[in-house]
Amino acid sequence: MKTRRFASGLALAALFAALTHAGELPNAKAVYDANCAGCHATGIAGAPRTGDAAAWSARFDTGINTLYGNAIKGKGAMPPKGGNASLTDAQVMAAVNHIVGLTAAPGAAPPAVRASAKPVETVKGGARVAADVAKGKLVYQAACAACHTSGLAGAPKLGDGAAWASRNGAGAGSLYISAIKGKGAMPPKGGNASLPEADVRAAVDFMLAQVRGELAPPKPTASSASTALTAAASAATAENVMAVSARGPVAHESQDPNAFNRLMVPPGRRNPSPAEDGIHDPSSPGTAQLQAPLRSFQSLPRSNLGNYVNWGAALGKKQIQPRWDARDPKAEATVMDLNIVREVKGSMPDVVFPHKQHTEWLDCSNCHPAIFVPQKGANQISMASIMLGQKCGVCHGKVAFPISECRLCHARQKNAGTRTAEAATAGGEKK
Amino acid sequence: MSASWRAVACAALAASVVALFGAAQEAHAEYGDVVINNYSDSAGMRPVVFPHWFHRVRFRCKVCHSDLGFKFKAGGNEINMLKIIDGQFCGACHNGSVAWPVENCDLCHSAKPGTPTQLHESSINLLSVPGAASTGASAASPIATKRVPAGKK
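Residues numbered from 1 in each chain as written. Chains lettered and ligands numbered in written order. Predicted model: local features only at pLDDT ≥ 70, side-chain atom pairs only at ≥ 80, totals over all residues.

1. Regarding the sheet that holds strand β1 (residues 34-36) of chain B
Residues and elements named next belong to chain B. Test applied: In short, DSSP must find at least two bridges between two strands for them to pair. Numbering goes from the N terminus for both helices and strands, where a helix is a DSSP run of H or I of at least four residues and a strand is a run of E of at least two.
Pairing is antiparallel in the open sheet, where 3 strands are placed in the order β2-β1-β3. One side of each edge strand has no neighbouring strand; the edge strands of this open sheet are β2 (48-50) and β3 (118-119). Here β1 runs beside β2; their pairing, made up of 3 bridges, is antiparallel. Within the sheet, the bridge partner assigned to I36 lies in β2 and is V48.

Set out below in structure tokens:
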């Protein structure tokens, strides 16, 4: 009975944490990032790592209230309130919920807990499936990504419809068995024997979900694929690429007519974790230790491009406090507040260059005199040269906000009469 | 008839271009991530990934690009491990006093072997290397769709 109550409490907490995660209460995440992540993200001092279901399962069994109590009062190496006495109990509890949400998304809690948690979950059946896949993603990143992202040792790559189609022929059930018991080069449970079977299944589900659009239901009959684009896609090897291409580039996409989109990064693929970003080697032991950008960015003001972070606003609001000197944390920037207006050709609004935002990050010598001659009219600037990495393009389009944020520079309306300070302050990164 | 055949050929060309450059599109690293592979591959190490975003949360641009003398050019600083252990470039901080020390090789040398030196997601990267080919492909497909109705007439 006690477990049961804990279980529904846990499920509620997890649901609550899932809501929190969706952005309802960013507070919990901020508290977690500021006070808990230092140890619980890395496992320092024996702290159970967030997302490590195996490490948490024994602790979950003690009940959510025990977890709250330990987090508030401290236990072993865990200091009271994570060492930040100024936190309220509610904030600590919210952070605990956040960890529970990340670790035991409904469906990933230990089996006994999960079974009794069902009554709550069935209310939100759809949410549970989504949560299973989300949990599967976490498991995947921890236990499977090393091989299945790169295709190491012949592993079918994540999202490679052709590679998975041949393995999915016998249905997901046999894939579960292969994943749990091992097969060929695939070690049992991906080499992590402590992984609960439910987690392995969730990871398989996640991997299958990545190719769902491309998988033909069981038997992929390429020969009779006159109409089925999906079957054609699954049979598309390098040799018969011509057969596929006869249907046009669409054959590479899933059947969703909106799937074709080469230049836009869909929201789910922005700020990928290092193992998934295409440049880090997922099989390198260092890659797994690197911080995922989203962990850092979630509490920062977002933008539409670049890192999807409004760095200027983050600095202005002191949400980040980058040092001005490598060794002296107290050194302050020498800020110069002077706007330079450049009248430009054509219909584009004139450019307002704010020294203020630039001197918050940079030293005069970074730009003057090598990139910009400090003299009016001495600098020829064009968008073409900027796009090729000259002038403003030395930073903008590389690390500072991208050039597609036209209005941040082209900020002053032509024929506006007076050069008002209002237009000038609209320049630079949004404040 | 021949027009529709040409449409198919155009589409085939477009698709094979997409297939050829599909690999290039797989990299969607963080804006400003720099891969440095001046010497790594030939020395049998993974190339270095420098995450700008991680460093700009902690330091202003000026610290590295003025005080430490990093040029604004991916791979343009000819950094090697000797300079680093002598306290230049990365070694000014990555010495165990400001940031973790150099024996954590894998934290920097973490790129896929063979990744060329480049600044990821930069305008010039999007305009030239892989982007140019995909622009060609997307230019070809509208032509194909235009010619199909012409063939029907």
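2. Here's the deal with the nonpolar core
All names here are of chain A. This is how the line gets drawn: For our purposes the nonpolar core covers buried Ala, Val, Leu, Ile, Met, Phe, Trp, Tyr and Cys residues that link as a set through C-beta atoms within 7 Å. Our exposure labels follow a C-beta count within 10 Å of each residue's own C-beta, placed from the backbone: buried means 20 or more other C-beta atoms, exposed means 12 or fewer, and partly exposed covers the counts in between.
Counting residues in each nonpolar core, the largest one holds 20 residues, and the members touching the most others are V139, Y140, A143, C144, A203, V204 and M207. When residues of this core are traced back to their parent elements, those giving at least two are α7 (125-148), α9 (172-181) and α10 (197-209). In terms of residues, this core owes the most to one element, α7, which gives 9 residues. Counting 17 residues, the second-largest nonpolar core is a separate cluster that includes C39, I64, L67 and L102.

3. Here's the deal with the environment of D52 of chain A
All names here are of chain A. Residue position: D52 is located in the loop between α2 (26-40) and α3 (53-60). On the basis of neighbour count, D52 is assigned to the partly exposed category, with 17 C-beta atoms found within 10 Å. Expressed as a C-alpha distance, the spacing of D52 and A142, which sit 90 residues apart in the sequence, is 8.7 Å.

4. Structural notes on the confidence of the model for chain A
Residue and element names in this part refer to chain A. For clarity, the cut-off: Every residue gets a pLDDT, meaning the predictor's confidence in that residue, from 0 to 100. Two residues form a contact once the distance between their C-beta atoms, set from the backbone, is within 7 Å.
Per-chain confidence: chain A averages 74 in pLDDT, with 72% of residues scoring 70 or above. Note that pLDDT drops below 50 for residues 6-25; the model gives that stretch 46 contacts with residues more than four away or on any other chain. Contacts of residues 418-431 to residues separated by more than four positions or lying in other chains number 34 contacts, the stretch itself having pLDDT below 50.

5. Some thoughts on α3 of chain A
We apply this condition: In this description, one arc is meant: the one made by directions from the helix axis to the C-beta atoms.
For α3 of chain A, the full list of buried residues reads A53, W56, S57 and F60 of chain A. Looking straight down α3 of chain A, one finds its buried side chains confined to an arc of 120°; they lie on one side.

6. So, the packing of helix α4 (residues 64-73) of chain A against helix α5 (residues 89-103) of chain A
All names here are of chain A. This is how it is decided: Orientation is described by lines fitted to C-alpha atoms, with helices fitted over the stretch in contact, and by angles between N-to-C directions that extend from 0 to 180 degrees. Any angle that is under 35 degrees is reported as roughly parallel, and any over 145 degrees as roughly antiparallel; angles of 65 to 115 degrees are reported as roughly perpendicular and all others as oblique. Throughout, a crossing is termed right-handed when the near helix is turned clockwise from the far one, and left-handed when it is turned anticlockwise from it by less than a right angle. Just so you know the grouping, Ala, Val, Leu, Ile, Met, Phe, Trp, Tyr, Cys and Pro go in nonpolar, Asp, Glu, Lys and Arg go in charged, and all remaining residues, Gly too, go in polar.
Where α4 meets α5, the axes come as close as 9 Å, and the angle between the chain directions of the two elements is 125°. When the axes of α4 and α5 are compared, the pair comes out oblique. The handedness of the crossing between α4 and α5 is right-handed. Contacts from L67, Y68, A71 and I72 of α4 reach α5 at D89, V92, M93 and V96. Across the contact of α4 with α5, the residue classes break down as 7 nonpolar, no polar and 1 charged.

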